[in-house]
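Residue-level listing of the chains:
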Amino acid sequence: MSRPQFQLVPGHADREPYVSFCGHCGVRPLGGDSSSRVCDNCHMGMIVSAPESLAPEEHEAFLIVDGKLQVCAVSRRAEVLLGAPESDLVQDRLTEVLLPADGDAAGVENMIATISHAVRGQETFDDLVVRPAREWGIRWFTRVGPCTAPSAALIVLDPGD
Amino acid sequence: MRTLKTSEAAAELNVSPNTLRAWERRFGYPVPMRTEGKHRIYTHGEIAALRDALKEGLSISSAISRAREKLTADTPVLVGALSSCELERADAAMEAALALRSVERSVEEVLLPTLTEIARRHGETSAPWAFATQWATDWVHRARRLAPTPVGASTVLIGDATRDELDPDALYASAFSLFVERTGARVLTLPVAGVAGIGEVLANFRPRAIVIAGSAASDDVVARWAYAVRSAAGPLPIALYHRGERRAARTNGTHVLPLSPSDAQHELALLLHERRAPAPLAPLRAPAAEVATLHRSMRAS
């Protein structure tokens, strides 16, 4: 019988620092009044935070998805890529908006599992290849990871342009 | 109902007044009312619903969507209460609606959609429909008793061309009348079927506009009534409200008001305002000739 082994897990001190950004325009707030959760730049997004290496740059395309796998926020650039305004996409199921680009049935389950892990705060960022749910011939590389608050998953799309 | 100025609403939400105006442009929410000086005022309930949604939300869109859901939650409650003939629950649902909205918006966003839903579910000859329309008419009458005392010279005569209390147009006509009264105008509603003695009534009540509401009365009956009114009160502008789509194509100068009671009230206010402003001189027409034109066009349509 083998003895249980201790395994090194990351502690709070090892946690990657989180940075704040607007959930619509992606701009990072410049200190100042941090009590307001609404972006001073575009007025259309709420300030959320994500690990620094995951957080989008200004004008990057990204979506935020909650634990029910419903779309909660869509960036301005993602609105252009997806061809619909944020107000039409919020509360849609993620799979009505994005699907894995490999077309494999297990791909959907894999995508859902990856995003569910991210919602739960798992800080290992995964890469997925996705396409718009109603279109073929387009695929985007994405990076997926946790986002707060409240707990959600951040999906940053890379259209490759 | 508690209202907030733009600065107060912005402070409650911890955003700038510019942000509030940007949301209004993009999302149509929150919907401000206007003071007499055209300044925006917001209902506290609407702002509070948005404030709570913003605390939990990840985007403005989702927060606004949640706040809207909270506000529309009164309609299903009222539909349920009226379908099961529960007076107290129906009253409570409207009280809840009034805590979040103005009287006008409570009527337009809760009361009228509820009646539409009951008609769709049970039909307009059903007992639930009869119960719901009687309750709704009574509610509007109660609201009219709380309307401000008429001020100024605006007086409006409404010709009731609806069938009876169970006519779907009757509730719209009552709501329209309520909205007009709430602007401080004096409103008199008379059935278009009654012409006898109308001169004596109008000698004391001098209307500045006539609105014919409802589509049940025939064009002949309406034209006879309009003729009698104009013979007694002079050439007044005539507007039609819920008088049927086929009549909307008329081009004889009669105004066709929008179906929404608040839009109709706004348009009537504009009509009264235009009448107050000096207009370029136009060739005089006898009231009888004008009513005859109206009559002819009604027959043609």
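Here is what the cut-offs are and how they apply
Residues numbered from 1 in each chain as written. Chains lettered and ligands numbered in written order. Predicted model: local features only at pLDDT ≥ 70, side-chain atom pairs only at ≥ 80, totals over all residues. Helix = DSSP H or I, 4+ residues; strand = E, 2+ residues; numbered from the N terminus. Contact = placed C-beta atoms within 7 Å. Nonpolar A, V, L, I, M, F, W, Y, C, P; charged D, E, K, R; others polar. pLDDT = per-residue confidence, 0-100. Core = buried A, V, L, I, M, F, W, Y, C linked by C-beta atoms within 7 Å. Buried ≥ 20, exposed ≤ 12 C-beta atoms within 10 Å, placed from the backbone. Expected span 1.5 Å × (residues − 1). Pairing = 2+ DSSP bridges. Axes fitted to C-alpha atoms, helices over the stretch in contact; angles between N-to-C directions.

Draft legend 1. Expanded view of the overall build of chain B. Along chain B, the regular secondary structure elements total 13 helices and 8 strands. Relative to all contacts within chain B whose residues are 6 or more apart in sequence, the contacts with residues 24 or more apart total 72%.

Draft legend 2. The arrangement of the interface of chain B and chain A in detail. Listed as interface residues are 16 residues of chain B and, on the opposing side, 21 residues of chain A. Of all the secondary structure elements, the ones that give two or more residues to the side of chain B that touches chain A are α2 (17–27), α3 (44–56) and α4 (60–72) of chain B. Residues of the side of chain B that touches chain A, tallied by class, amount to 6 nonpolar, 8 polar and 2 charged.

Draft legend 3. Structural view of the confidence of the model for chain A. Looking at chain A, pLDDT values average 84 and 88% of them are 70 or higher. The element-level mean pLDDT for chain A is lowest in helix α4 (residues 105–119) of chain A, coming to 84, with strand β3 (residues 61–65) of chain A highest at 94.

Draft legend 4. Region of the structure containing the nonpolar core. Grouped together as the largest cluster of nonpolar side chains are 119 residues, with contacts concentrated most on I64, V65, A153 and L154 of chain A together with V211 of chain B. Here this core takes 9 residues from helix α9 (residues 168–182) of chain B, the largest share from any one element. Excluding residues within four positions of it along the chain, A153 of chain A makes contact with V65, I115, A118, V119, V144, P146 and C147 of chain A.

Draft legend 5. Seen up close, α9 of chain B. Residue and element names in this part refer to chain B. Helix length check: α9 (15 residues) gives 22 Å between terminal C-alpha atoms against 21 Å at 1.5 Å per residue, within 8%. Most of α9 sits inside the fold, with 13 of its 15 residues counted as buried. Directly beyond the C-terminal end of α9, a positive phi value near 100 degrees is found at G184.

Draft legend 6. Up close: the sheet that holds strand β7 (residues 140–147) of chain A. All names here are of chain A. Reading across the sheet, the 6 strands line up as β4-β3-β8-β7-β6-β5 and stay open at both edges, with antiparallel pairing between neighbours. In the strand order of this sheet, the two ends are held by β4 (71–74) and β5 (98–100), each with one partner. Adjacent strand axes in the sheet meet at a mean angle of 35 degrees when their direction is disregarded. Summarising the sheet, β3 and β4 pair through 3 bridges and their orientation is antiparallel. Each residue of the ladder has a partner; that of L63, found in β4, is V74.

Draft legend 7. Main features of unusual backbone geometry. Looking along the chain, the bond that leaves Y29 of chain B and enters P30 of chain B is cis, with omega of -5 degrees. Tracing the chain through its elements places P30 of chain B in the loop between α2 and β2 (33–34). Of note in the backbone geometry, H59 of chain A takes a positive phi value of approximately 70 degrees without being a glycine. If you trace the backbone, H59 of chain A turns up in the loop between β2 (47–51) and β3. On the neighbour-count criterion, H59 of chain A (11 C-beta atoms within 10 Å) is exposed. The backbone of N14 of chain B shows a phi angle near 60 degrees, a positive value even though the residue is not glycine. Assignment of secondary structure puts N14 of chain B in the loop between α1 (6–13) and α2. Since 14 C-beta atoms lie within 10 Å of it, N14 of chain B is described here as partly exposed.

Draft legend 8. Representation of the pairing of strand β6 (residues 126–132) of chain A in the model. All names here are of chain A. Pairing analysis gives 3 bridges linking β5 to β6, with the strands arranged antiparallel. Following the sheet pairing, L99 is matched in β6 by R131. Direction of pairing for β6 relative to β7: antiparallel, over a ladder of 5 bridges. Across the sheet, the residue bridging to D126 is V144, located in β7.

Draft legend 9. How the structure looks around α4 of chain B. For α4 of chain B, built from 13 residues, the straight-helix expectation of 18 Å at 1.5 Å per residue is met to within 8% by its first-to-last C-alpha distance of 18 Å. For α4 of chain B, the full list of buried residues reads I60, S61, S62, A63, I64, A67 and L71 of chain B. The inward-facing, buried residues of α4 of chain B abut β4 and α2 (86–89) of chain A together with α2, α3 and α6 (87–100) of chain B.

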